[in-house]
Amino acid sequence: MTDPLDLLDTASLLSEEERDIQRTVRDFLDDRARPHVAGWYDSATFPRDLVPELGKLGLLGMHLYGYGCAGTNAVSYGLACLELEGVDSGLRSFVSVQGSLSMFSIWRWGSEEQRTEWLPRLAAGEAVGCFGLTEPDFGSDPAGMRTRAVRDGGDWVLNGSKTWITNGGLADVATVWARTDDGIRGFLVPRGTPGFTTTDITQKLSLRASVTSSLHLQDVRLPASAMLPEARGLRGPLACLNEARFGILFGAVGAARDSLRAALGYADSRIQFDRPISAFQLTQKKLADMAVALNSAMLLALHLGRLKDRHELRAEQVSVGKLNNVREAIAIARECRTILGGSGISGEYSPLRHASNLESVRTYEGTDEVHTLVIGQALTGRAAYR
Ligand code: FAD
């Protein structure tokens, strides 16, 4: 029997364990998040109380191993992202930033002391992390960053600012990237460090169920041990971003799938001209085109997930996945909104919320244009960024 949300039976490409993990995450979210998400979005609230529960489920730093992390394969992590974003991109963004940006930066580039101090608490959801790379004047081009760290005796002193930082106002620890005499280096800045403050960005029209903040660093004095010892140059933050992008290319499928579910349900029950609108050819064309795009995106995500589990995934392949899947997901969410007619602009239905969220998702972790240039460079051997 055909599952309209999985026309190609992509579930049959998953292992029993992967299916179990996906089901567990879906059941948890159906119970604890889905009934409340429209309200969170409306009131621009991130459900902070949910964080320890996400930790208990093993979703924080899920694909990392040791230090209290679940140590699943990459596909399972992707499927969790798919389910999270099927509720709201804000939830998936939290998990991506906590696991793939904050925790991964410490796990991959940190000292043993930094790992043991932070990773178990971050994995359990007892602490929140954020990742500060973007600055007011440097987004797509982080190499130009102005935040600076200078040596003063045995200490580091940081000055500068970061903006558009997910979880910034919630974070117990910020991974901050700064320019030093020795190139770009990463620093762990605990909340409460004198001179370190945050301001939440308000009036967002996208990703409203997520905290987005600016970080301000004024003469922030840190011990030498605050620097991530293994990260040198832009390779440090870029490796973290590649991890987070991987979660996004699955997550986008979740937002698209949830939109299609809403549109299918509505098209079946809405009667116009004496027939359900799903019986009209024009509606069926929309639904068929979206099912083709959704299933293709899922196959792409799974293929890239299998490559990642074989440690063969290249950065330009992640760019293909992020560019395609987010682009398709936005198109699907918008098209689903049209099927809902006027009801589509109500928060009662998810497609317009997903479409609006996906505008952030297409911008962060590399814009469409930046990923296009990454792919262009891989194809031609020529960098066209400047
Ligand atoms: P710009 O770089 O100014 O780009 C503006 C436009 O110019 C874009 O269309 C871009 O593609 C285009 N452009 C730029 N350069 C080129 C080029 N060479 N060729 C063609 N076109 C080009 N950052 C973090 O560090 N941590 C976070 O946790 C984080 N969370 C975020 C959450 C949200 C909700 C948002 C919206 C952003 C977040 N960001 C975060 C920042 C995000 O990564 C940046 O917004 C993104 O990198 C783009 O930078 P920008 O906004 O400065 O745009």
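Definitions and cut-offs
Residues numbered from 1 in each chain as written. Predicted model: local features only at pLDDT ≥ 70, side-chain atom pairs only at ≥ 80, totals over all residues. Heavy atoms only, no water. pLDDT = per-residue confidence, 0-100. Near = heavy atom within 4 Å. Polar contact = N/O pair within 3.5 Å; in protein donor to acceptor, adjacent residues only side chain to side chain. Helix = DSSP H or I, 4+ residues; strand = E, 2+ residues; numbered from the N terminus. Nonpolar A, V, L, I, M, F, W, Y, C, P; charged D, E, K, R; others polar. Domains from an automatic or database assignment. Core = buried A, V, L, I, M, F, W, Y, C linked by side-chain atoms within 4.5 Å. Buried < 20%, exposed > 50% of the residue type's maximum accessible area, 1.4 Å probe, protein only. Patch = residues over 30% accessible without salt bridge, like charges linked within 9 Å, V, L, I, M, F, W, Y side chains within 5 Å. Areas by Shrake-Rupley, 256 points an atom, 1.4 Å probe, with all protein chains shown as cover. Salt bridge = Lys/Arg side-chain N within 4 Å of Asp/Glu carboxyl O. Expected span 1.5 Å × (residues − 1). Arc of directions from axis to C-beta. UniProt positions renumbered as here; feature names shortened; annotations may be inferred. Axes fitted to C-alpha atoms, helices over the stretch in contact; angles between N-to-C directions. Parallel < 35°, antiparallel > 145°, perpendicular 65-115°, else oblique. Contact = heavy atoms within 4.5 Å. Phe/Tyr/Trp six-rings, centres within 6.5 Å; stacked < 30°, edge-to-face > 60°. Lys NZ or Arg CZ within 6 Å of the ring centre and 35° of its normal. Pairing = 2+ DSSP bridges. Buried area = accessible area lost by both parts, 1.4 Å probe.

Thoughts on the confidence of the model for the protein chain
Working step 1: For the protein chain, per-residue confidence averages 97 on the pLDDT scale, and 100% of positions sit at 70 or higher.
Working step 2: As scored by the predictor, the complex reaches a pTM of 0.98 and an ipTM of 0.99.

Notes on the site of the ligand
Working step 1: The ligand sits among 17 residues. The nearest are Thr134, Ser140, Trp164, Thr367 and Glu369.
Working step 2: Tryptophan 164 places a polar main-chain atom, nitrogen or oxygen, 2.7 Å from a nitrogen atom of the ligand.
Working step 3: A distance of 2.6 Å is found between an oxygen atom of the ligand and a side-chain nitrogen or oxygen belonging to threonine 367.
Working step 4: Elements that contribute at least two residues to the shell around the ligand include exactly strand E5 (155-166), helix H10 (351-363) and helix H11 (368-380).
Working step 5: The dominant element in the shell around the ligand, judged by the number of residues it contributes, is E5, at three residues.
Working step 6: Taken together, the residues of the shell around the ligand sort by class into eight nonpolar, seven polar and two charged.
Working step 7: Looking at which domains feed residues into the shell around the ligand, each of domain 2 (129-226) and domain 3 (235-380) supplies at least three.

Things to note about the nonpolar core
Working step 1: Ranked by size, the top nonpolar core spans 114 residues in total, and within it Leu158, Trp177 and Val189 carry the most contacts.
Working step 2: The dominant element in this core, judged by the number of residues it contributes, is helix H7 (residues 235-269), at 15 residues.

Comments concerning a nonpolar patch on the surface
Working step 1: Together, Leu7, Leu8, Leu13 and Leu299 line one region of the surface with nonpolar side chains, adding up to about 350 Å² of accessible area.
Working step 2: Here leucine 7 lies in the segment before helix H1 (16-32).

Some remarks on H1
Counting along an α-helix, one turn takes 3.6 residues, and residues three or four places apart therefore face a common direction.
Working step 1: Between its first and last C-alpha atoms H1 spans 24 Å; for 17 residues at 1.5 Å apiece the expected length is 24 Å, and the two agree.
Working step 2: Those residues of H1 not exposed but buried are Glu18, Ile21, Gln22, Val25, Phe28 and Leu29. Buried residues of H1, seen end-on, are gathered within an arc of 130° and therefore sit on one face of the element.

Let's talk about the pattern of salt bridges
Working step 1: In total, this model carries 26 salt bridges according to the counting rule given.
Working step 2: Close ionic contact of arginine 306 with glutamate 18 constitutes a salt bridge, the shortest N to O distance being 2.8 Å. Of this pair, arginine 306 sits in helix H8 (residues 281-309) while glutamate 18 sits in helix H1, and the two are 288 residues apart along the sequence.
Working step 3: For arginine 306, a relative accessible area of 26% translates into the label partly exposed.
Working step 4: We classify glutamate 18 as buried; its relative accessible area is 3%.

Some thoughts on the UniProt feature "domain: Acyl-CoA dehydrogenase/oxidase C-terminal" (unreviewed entry) in the protein chain
Working step 1: Within the UniProt annotation, "domain: Acyl-CoA dehydrogenase/oxidase C-terminal" (unreviewed entry) is assigned to residues 232-379.
Working step 2: With 77% helix and 3% strand, residues 232-379 has its two end C-alpha atoms placed 27 Å apart.

Here we look at the packing of helix H4 (residues 74-87) against H10
Working step 1: The N-to-C vectors of H4 and H10 enclose an angle of 125°; their axes lie 10 Å apart at closest approach. Taken as axis vectors, H4 and H10 run oblique relative to one another. For the pair H4 and H10, the contacting residues are Glu85, Gly86 and Val87 in the first and Arg353, His354, Leu358 and Val361 in the second.
Working step 2: Residue composition of the contact of H4 with H10, grouped by class: three nonpolar, two polar and two charged.

With respect to the packing of aromatic side chains
Working step 1: The full count for this structure, using the stated rule, is eight aromatic pairs.
Working step 2: Arranged with centres 6.4 Å apart and planes meeting at 80°, the rings of phenylalanine 273 and phenylalanine 280 form a pair that is edge-to-face.
Working step 3: For phenylalanine 280, a relative accessible area of 23% corresponds to the partly exposed category.
Working step 4: Through a chain of ring-to-ring contacts, three or more aromatic side chains come together here, namely Tyr65, Phe104 and Trp107.
Working step 5: When the ring centre of tryptophan 109 is taken as origin, the NZ or CZ atom of arginine 108, which lies over that ring, is 4.2 Å away.

Considering the pairing of strand E4 (residues 148-152)
Working step 1: Both E4 and E5 contribute to a ladder of five bridges, which runs antiparallel. Residue arginine 148 lies in a different strand from E5, and its bridge partner there is asparagine 159.
Working step 2: The antiparallel pairing of E4 with E5 creates a hairpin that spans two residues between the two strands, and glycine 153 there sits at a positive phi of about 60°.

What to know about the UniProt feature "domain: Acyl-CoA dehydrogenase/oxidase N-terminal" (unreviewed entry) in the protein chain
Working step 1: Here the UniProt feature "domain: Acyl-CoA dehydrogenase/oxidase N-terminal" (unreviewed entry) sits at residues 15-126.
Working step 2: Annotation note: span residues 15-126, helix share 69%, strand share 4%, distance between end C-alpha atoms 31 Å.

Structural notes on the domain arrangement of the protein chain
Working step 1: Assigned domains of the protein chain: these are domain 1 (10-124), domain 2 (129-226) and domain 3 (235-380).
Working step 2: Using only C-alpha atoms to locate each centre, domain 1 and domain 2 end up separated by 23 Å.
Working step 3: At the junction of the two partners, domain 1 supplies 23 residues and domain 2 supplies 21 residues.
Working step 4: Surface buried jointly by domain 1 and domain 2 totals about 1800 Å² across both partners, of which 66% is contributed by carbon and sulfur atoms.
Working step 5: Along the contact surface separating domain 1 from domain 2 lie zero salt bridges.
Working step 6: Between domain 1 and domain 2 we count five residue pairs in polar contact (both at pLDDT 80 or more) in total.
Working step 7: Elements with a contribution of two residues or more to the side of domain 1 that touches domain 2: helix H2 (37-42), helix H5 (89-109) and helix H6 (112-124).
Working step 8: Sorting elements by how many residues they give to the side of domain 1 that touches domain 2 places H5 first, with eleven residues.

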